[in-house]
Amino acid sequence: MKMTNGKLFSLGIQHVLAMYAGAVIVPLIVGGALKLSTEQLAYLVSIDLLTCGLATLLQVWNNRFFGIGLPVVLGCTFTAVGPMIAIGSQYGISAVYGSILVAGIAVVLLAGLFGRILKLFPPIVTGSVVTIIGVTLIPVAIQDMAGGQGSKDFGSPENLMLSFGVLAFIIIVYRLFTGFIRAVSILLGLVAGTLAASFMGKVDFGPVADASWFHMVQPFYFGAPTFHASAILTMVLVAIVSMIESTGVFIALGKICGKDVTPKQMTKGYRAEGLAIILGGIFNAFPYTTYSQNVGLVQLSGIRTKNVIYTAGGMLVVLGLVPKVATLTTLIPTPVMGGATVAMFGMVVASGIKMLSEVDFGKQENLLIIACSVGIGLGVTVEPDLFAKLPQGIQILTDNGIVAGSLTAIVLNLVFNTERKKVNAKQRKEAAVQAISVK
């Protein structure tokens, strides 16, 4: 198919629309939870869109040092939402960006060695971590459905009607349509819900009129980054989980494009992801990962050229420089956001369960690993003072449910499954010796 400028633009904007809801909903959730002002929230959305574009361009640009060179789109990872809210609530927003910076550097440094580290994160570990993250996010969505914690009209019939109406709209779209329309069902739900809320007098378009048409990015907009050991450990774990997710996406996309992805290419892909995370730390955006929904779009459209992704990346950069677009996004009422996020956070839980489906549940040890890691992770989240009287050095590993649950899963996996592999290897060796002696 001859690729004209018009076709390039239409295919590029299709990729932008497929990832747009995921790209803007993360800053809206995190910014709302950390009580940012409308102006700060608009900046957060703007800089996120711009950094999504830059991160995408870094990944598509295949050179000696970084870039997978496949038609991938990068966006902020949902895995980081819960940890960012927890870090920001405990240490302040500057600690969020300090931890993101260090996590990005860690990814760049670990890129070449990740094949070995990957053994510490089999499906039983990653599935447990993602499940913990998703379950801890659900209460945030439920509070938003009622109007947001502390709101005067919390739980009012109007708020519930809006939130459940958005959820119903998304489900109906998902049921009646396939392909691209289904892929943007969340975005359509947010638009429909905001329009309905405007007729109810719950949307003020004044900030959009006041917003400028253009602004320049500002590094460290929220101040100089600060560094806390537990926050850094949390974000490094999040980055490693994102790298594991990206591994599957790279392999799947390679198959779609008819290319064998080599270890060297994987290393460059991880390195580009690390650079994208560092950009997120510098410009006060987010950790970035490869978006699987855009891989589905590549398969659906059959268009595998990188020029389409270059176009989509450029569009995201331009959108990030236009505050009016970002401000329009911030007008989404909290109940509307809650209706959409309950579905999205539920999908995070579902993704964790899907990862766990690869686990051999015939082994009781695996059931115990999941039970203990999810139990500890949720327990620390529900009762954060559980380990408050322990020494500060130990609290680095215990004051965050995601870290505590992840470490529990890693340690128990090493205790049970590594030992079992050694025993099986020894038994196979003995059987081979016996076979030789019989002969």
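Residues numbered from 1 in each chain as written. Predicted model: local features only at pLDDT ≥ 70, side-chain atom pairs only at ≥ 80, totals over all residues. Heavy atoms only, no water.

For the rest of this paragraph, the subject is the overall build of the protein chain. Along the backbone of the protein chain there are 19 helices and 2 strands. Here the protein chain holds 439 residues, and 52% of them are scored as buried. If you take every contact in the protein chain between residues at least 6 apart in sequence, the share linking residues at least 24 apart comes to 83%. Summed over its atoms, the accessible surface of the protein chain is roughly 19,800 Å², and 66% of this surface lies on carbon and sulfur atoms. (Helix = DSSP H or I, 4+ residues; strand = E, 2+ residues; numbered from the N terminus. Buried < 20%, exposed > 50% of the residue type's maximum accessible area, 1.4 Å probe, protein only. Contact = heavy atoms within 4.5 Å. Areas by Shrake-Rupley, 256 points an atom, 1.4 Å probe, with all protein chains shown as cover.)

On the surface, Phe169, Ile172, Leu176, Phe177, Ile181 and Leu188 cluster together into a nonpolar patch covering about 520 Å² of accessible area. The greatest single-element share of the nonpolar patch, amounting to 3 residues, is contributed by helix α7 (residues 157-176). Within the secondary structure, phenylalanine 177 sits in the loop between α7 and α8 (179-183). (Patch = residues over 30% accessible without salt bridge, like charges linked within 9 Å, V, L, I, M, F, W, Y side chains within 5 Å. Salt bridge = Lys/Arg side-chain N within 4 Å of Asp/Glu carboxyl O.)

What follows concerns unusual backbone geometry. Not every positive phi belongs to a glycine, and lysine 35 is a case in point at roughly 60 degrees. Position of lysine 35 relative to the elements: it lies in the loop between α1 (5-33) and α2 (38-60). The class for lysine 35 is exposed, based on a relative accessible area of 63%. Phi is positive for phenylalanine 220, which is not a glycine, with a value near 55 degrees. Residue position: phenylalanine 220 is located in the loop between α10 (206-210) and α11 (229-256).

By the definition in use, this model includes 4 aromatic pairs. Relative to phenylalanine 222, the ring of tyrosine 221 lies with its centre 4.9 Å away and its plane at 90 degrees, an arrangement referred to as edge-to-face. Using a relative accessible area of 15% as the deciding quantity, one classes phenylalanine 222 as buried. Ring-pair connections join several aromatic residues into one group, and the members of that group are Tyr43, Tyr97, Tyr221 and Phe222. (Phe/Tyr/Trp six-rings, centres within 6.5 Å; stacked < 30°, edge-to-face > 60°.)

Turning our attention to the packing of helix α6 (residues 123-145) against helix α16 (residues 334-356). In a pair of packed helices, the angle between the axes and the distance between the axes together describe the arrangement. At their nearest, the axes of α6 and α16 sit 7 Å apart, and the two run at 165 degrees to each other. In terms of orientation, α6 and α16 fall into the roughly antiparallel class. As α6 packs across α16, the resulting crossing turns out to be left-handed. Of the residues in the contact of α6 with α16, the class split is 17 nonpolar, 12 polar and 1 charged. (Axes fitted to C-alpha atoms, helices over the stretch in contact; angles between N-to-C directions. Parallel < 35°, antiparallel > 145°, perpendicular 65-115°, else oblique. Left-handed = near helix turned anticlockwise from the far one by under 90°. Nonpolar A, V, L, I, M, F, W, Y, C, P; charged D, E, K, R; others polar.)

Let us look at helix α4 (residues 93-110). Taking 1.5 Å as the rise per residue, α4 with 18 residues should run 26 Å; its terminal C-alpha atoms sit 26 Å apart, in good agreement. Among the 18 residues of α4, 13 are classified as buried, and the element is accordingly described as predominantly covered. (Expected span 1.5 Å × (residues − 1).)

Ile25, Phe286 and Tyr288 are the most contacted members of the largest nonpolar core, which has 119 residues in total. Broken down by element, the residue count for this core peaks at 14 residues, all from α11. Looking at which domains feed residues into this core, each of domain 1 (5-359) and domain 2 (361-438) supplies at least three. Sequence-distant contacts of isoleucine 25, that is, excluding residues within four places in its chain, are made with Phe78, Leu190, Met337, Ala340, Thr341 and Met344. (Core = buried A, V, L, I, M, F, W, Y, C linked by side-chain atoms within 4.5 Å. Domains from an automatic or database assignment.)

This part takes up the side chain of serine 99. Along the polypeptide, serine 99 turns up in helix α4. Ignoring anything within four residues of it in the chain, the contact list for serine 99 reads Ile87, Thr226, Ala231, Ile232 and Met235.

All told, the structure shown has 1 salt bridge when counted by the stated rule. The shortest N-O distance in the salt bridge between lysine 202 and aspartate 153 comes to 3.4 Å. Residue lysine 202 is located in the loop between α9 (185-199) and α10, and its partner aspartate 153 is located in the loop between α6 and α7; the two are separated by 49 residues in the primary sequence.

Below, the discussion takes up the environment of lysine 306. Checked against the element boundaries, lysine 306 lands in helix α14 (residues 306-320). Along the chain, lysine 306 and valine 72 lie 234 residues apart, while their C-alpha atoms are 8.3 Å from each other. For lysine 306, the residues in contact, after removing those within four places along its chain, are Val60, Asn62, Gly69, Leu70 and Pro71.

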